[in-house]
Amino acid sequence: MRKFIERLEHKMDVAKEDSDFAYFFSLLVTGEAITKLITLITASALITDKDRHQYRVLHGVVRANGVGDWSKAIDDLFVGTASQYLAPEYREFQAELTKKTSEYEWQSLAVQELIDALTELNIDVGSSKGKKDLKSWFKLFTELRNKTRGHGALLTYKASRAAPHLGKSISLILENLNLFKLPTAFLKRNLSGKYRVTEIGIESDKFDNFKSNNTVNIEDGIYIYLGDYRKIPLMLSDPDLTDFYISNGGFSANKYELLSYLTDDKKHGDSSEYLAPVGTLPSSESEGLGELQCAGNTFTNVPDLSYEYIQRQELEDQLYSLLLDDRRTVVTLLGRGGIGKTSLALRVIPRLYETTRFDAIIWFSSRDIDLQSNGAKLVTADVVSSKDISKYYSSLILPDKECKDKSFDSIKFFQEQLTESGIGPCLFVFDNFETTENPIEVFKWIDTYIRNPNKILVTTRLREFLGDYPINVHGMTEPESEELIRLTAAHLGVESHLSQNLIENIYNVSAGHPYIIKIMLGELSKNNMKGSLPKIIAGSDEVLTALFERTYSALNPCAQRVFLSLASWNSAVSRLALEAVLMISIGEPLEVEKAIDTLIQYSLAEEFKSEVDDQYFIALPFTALSFGSKKLRVSPLKSIISVDVKLLQKFGPEKVENKNISLAHHISVFLSNLDNPLKDYPSHKELIERISISYVDSRPIISRWLEESGEIHLLEEAKKYLYLYLESDSSESSKVSAWNQLAELSRKLKLPLDEIHALIESSQYSQVDFSDLSNVVNKVNHMLNTQELVLDSHDAKSELLSKIYDVVWRRKSEGDAVDFSRLAWLALHLDRLDDATILVEHGLQIDPYNRYCQKLQLKLEKKT
């Protein structure tokens, strides 16, 4: 915290130069900042536990409007109930504040100086003799702060006499407290997934891995290193450390205040994180049984399904097969919240009871939210850390006496059981794995020790810890959804109100998401089965948060930006167009591509292929769209995303169900929506070129658009796109069209050789109509006769003209007298008099009165 403290000290020095009175009140502000800072750093060191002690402390201080409540929180954190849950690495810092010190130790001196300041102000603090702990400083400071609140309550001369003592007291803390010397940094995740690290404390290499590692996923903010990286709650800054803000009361249903103790500026935080009640929460409906029970051939603590289940046969059979497969040590069920991962596991596991594959099946639940028909409900997670997992397992397997033995190491025991279970082959099931304290580390831990014949099944929303085989759990099929709709409607007593049209609408809006189906029917049943389904979803903030917030938070900034871009427009979007627009805007091409893949893998976005041109389009399910729209409304990226989306909208809207969807159509729409090539091509050139590189069929479309300008330099650009297209592996018919387009462009550019070359190349394909070949020959003859095209080199002329001559000669039987006359003229240009004579004779045999053949015959007679 060195940089923050140095700026507090600078502020005090400035005030000291002003007056003793200003200096005294600056010291009060600094003392308040120190109190809050120590509270928040200590709160960050609390280990997650079922009783949620960290949340309880923060729930109190975020509402605190005075320093007294913060002082009480320090008591709780250092010697109260919460202190039992401080991380082991924090104990030495705890001792700095709680140990009784002699009168010559800095802690005791700091407290005594504060007592002296209180004495100067005639504030009675009782006896000050004996050893003192630093923790008592905060209670004394609260007394000082409260008695001097408001400038009118304090005389200037008293402030002058008290200030030196208070200044020395605060200086002793700032200079000596080791808690402030912990490695501290502000971490800001870049679009690439790596972090910008801004050191706040002493220079340290503890945060260096964040600069190069893009697999770590933690929230932006201020972190201390204490054996692990811990975010300091209720404190804000930015990557440039422009200012520091600390919670300062003013709590309401929507926000709370954060105050800068450096500039007196204020900000507001989102209070929704602290609205839940404190205390132990109810158990989850999927909590494991408290003891092992015999089920078939297996001992298990797996809970029963507490609700009716719609069969999903294909998924069930796939999971059952994988659980029996000895080659798969770790199997993962991956899918969105509420999609049915837990239900699927609870449905399939009982089938294993009748087999001899596992002697035991152990269920570990980390679920902290139950998705019920009346909304999302907070619950207590059974296990949240490796220690919890180990203790829970031990309590199921071993006698209480052995588990409570001080020498017993539950973590070591569990590790040994993963490798070789003492109760026979065991299936370890970890439900809602993403809500463990550090899921990536916990996964590496269990994956390191697991060995056959033991096996692990994980259910999770996140892909950071996939097993040997991940099963993606998507929405229900339409028949499965209809079965769930009818079953839910029957429970609600509204089955008679169901129509086939309503069933189809529910399925389309929910995209087969079982929990969303239940929520929509529940809301409809409250309103006589009337209401807009999209509005029901859009208005269900609590449900959307429960389903998507955790997954959204796990996305890197680039993936979040792509998601918000898609959420800002209710339309399917070409993946290629989306990539091209955002690659330019974001400047991280690889990251954009990976971000889109991540959204698809997390089921936040859906990808489908066009039946017309095999190009991919992206769309958000309606629920994800509603969640994204909510996020976008308050996102600082809103204005930047708006610019990108306006560009995307130029490609035109699209519906997922459109069977004729094609990228070529949308590129044409995009180009037609630009004002004119002369004005818009330079500003959109990079975007257009990116599209043309990835989608070669766009090149003739782009070329035609540029050609419409009539501008010479744009005609040259149009020609470039056509050459690039012709270099690609396209169909014959497309290439014929492109060569003809190129010939037309060359004519406009007054490049006769290029025009002839394009025309001749267009004649080389077998599917070209003979009449088109004849027209090409006629065009070539005309250009040569009028000397529009002059070929000085005889060899070059021969090689060029022979290409088309040979093709037409082979197909001359398809021609009429006019065609023969044209080919005869070409033969004359090639100095093939014998061929010309034969061709004229054939032409006259077809039509003795053809004037072109007759004219040529006279010309040939003169030459001979």
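Rules and cut-offs
Residues numbered from 1 in each chain as written. Predicted model: local features only at pLDDT ≥ 70, side-chain atom pairs only at ≥ 80, totals over all residues. Heavy atoms only, no water. Pairing = 2+ DSSP bridges. Helix = DSSP H or I, 4+ residues; strand = E, 2+ residues; numbered from the N terminus. Salt bridge = Lys/Arg side-chain N within 4 Å of Asp/Glu carboxyl O. Expected span 1.5 Å × (residues − 1). Buried < 20%, exposed > 50% of the residue type's maximum accessible area, 1.4 Å probe, protein only. Core = buried A, V, L, I, M, F, W, Y, C linked by side-chain atoms within 4.5 Å. Contact = heavy atoms within 4.5 Å. Polar contact = N/O pair within 3.5 Å; in protein donor to acceptor, adjacent residues only side chain to side chain. Axes fitted to C-alpha atoms, helices over the stretch in contact; angles between N-to-C directions. Parallel < 35°, antiparallel > 145°, perpendicular 65-115°, else oblique. Left-handed = near helix turned anticlockwise from the far one by under 90°. Nonpolar A, V, L, I, M, F, W, Y, C, P; charged D, E, K, R; others polar. Disulfide = S-S within 2.5 Å. Phe/Tyr/Trp six-rings, centres within 6.5 Å; stacked < 30°, edge-to-face > 60°.

Caption draft 1: Region of the structure containing the sheet that holds strand β18 (residues 573–574). Taken together, 3 strands build an open sheet; the order of strands is β18-β20-β19 and the sheet is antiparallel. Both edges of this open sheet fall to β18 and β19 (606–609), since each of them pairs with a single strand only. Bridge count between β19 and strand β20 (residues 616–619): 4 bridges; the pairing is antiparallel. Bridging across to β20, E607 finds its partner in I618.

Caption draft 2: Focus on the pattern of salt bridges. Enumeration according to the criterion identifies 45 salt bridges in this entry. The partner of K147 in a salt bridge is E143, and the shortest N-O contact between them spans 2.8 Å. Note that K147 and E143 are positioned in helix α7 (residues 135–147) at a spacing of 4 residues, about one turn of the helix. For D326, the salt bridge goes to R357, with nearest N and O atoms at 3.0 Å. A residue pair is termed long-range when its members are at least 10 positions apart, and D326 in the loop between α10 (313–324) and β11 (330–334) and R357 in the loop between α11 (341–352) and β12 (360–365) qualify at 31 residues.

Caption draft 3: Seen up close, α11. The end-to-end C-alpha separation of α11 is 17 Å, in line with the 16 Å expected for 12 residues at 1.5 Å each. Across the 12 residues of α11, 9 count as buried, placing the element largely inside the fold. Restricting attention to buried positions, one finds in α11 the residues K341, T342, S343, L344, A345, L346, V348, I349 and L352.

Caption draft 4: Quick peek at the nonpolar core. In this structure, I506 and F563 are the most contacted members of the largest nonpolar core, which totals 134 residues. If you tally residues by element for this core, the top one is helix α22 (residues 575–586), at 8 residues. Setting aside residues no more than four positions away along its own chain, F563 makes contact with Y552, L599, L604, L620, A624, F627 and G628. Counting 83 residues, the second largest nonpolar core, distinct from the first, contains F25, F78, Y90 and F186.

Caption draft 5: Summary view of the side chain of S635. Tracing the chain through its elements places S635 in the loop between α24 (622–633) and α25 (638–649). A distance of 3.0 Å separates a polar side-chain atom of S635 from the backbone nitrogen of L637.

Caption draft 6: Examining the packing of helix α17 (residues 500–510) against helix α18 (residues 514–526) more closely. Packing of α17 against α18 brings their axes to within 9 Å, and their N-to-C directions diverge by 130 degrees. By the criterion of interaxial angle, the relationship of α17 to α18 is oblique. Both α17 and α18 take part in a crossing whose hand is right-handed. Each of L502, I506, V509 and S510 in α17 lies in contact with α18, whose residues at this interface are I516, I517, M520, L521 and L524. Of the residues that constitute the contact of α17 with α18, the class distribution is 8 nonpolar, 1 polar and no charged.

Caption draft 7: Here's a closer look at the sheet that holds strand β3 (residues 221–225). Here 4 strands make up an open sheet; going across it, the order is β2-β1-β3-β4 and the pairing antiparallel. Only two strands of the sheet have a single partner each, and these edge strands are β2 (195–199) and β4 (229–231). Each neighbouring strand pair of the sheet contributes to a mean axis angle of 35 degrees, computed without reference to strand direction.

Caption draft 8: Broad picture of the state of the cysteines. Tallied over the entire structure, the rule returns 0 disulfides. This cysteine, C403, is not joined by any disulfide, and C426 carries the nearest cysteine sulfur, 15 Å off.

Caption draft 9: Structural view of the packing of aromatic side chains. Taken as a whole, this structure holds 33 aromatic pairs when the rule is applied. Plain terms: the ring middles of F207 and Y229 are 5.4 Å apart, the flat faces sit at 50 degrees to each other, and that makes the pair tilted. Highlighted residues: F207 in the loop between β2 and α9 (209–212) and Y229 in strand β4, separated in sequence by 22 residues. A residue is classified by how much of its surface remains accessible, and F207, at 0% relative accessible area, is buried. Seen from their ring centres, Y552 and F627 are 5.7 Å apart, and the 75 degrees between their planes marks the pair as edge-to-face. In this pair, Y552 is assigned in helix α20 (residues 541–554) and F627 in helix α24, connecting sequence segments 75 residues apart. Just as Y552 is buried, F627 falls in that class too.

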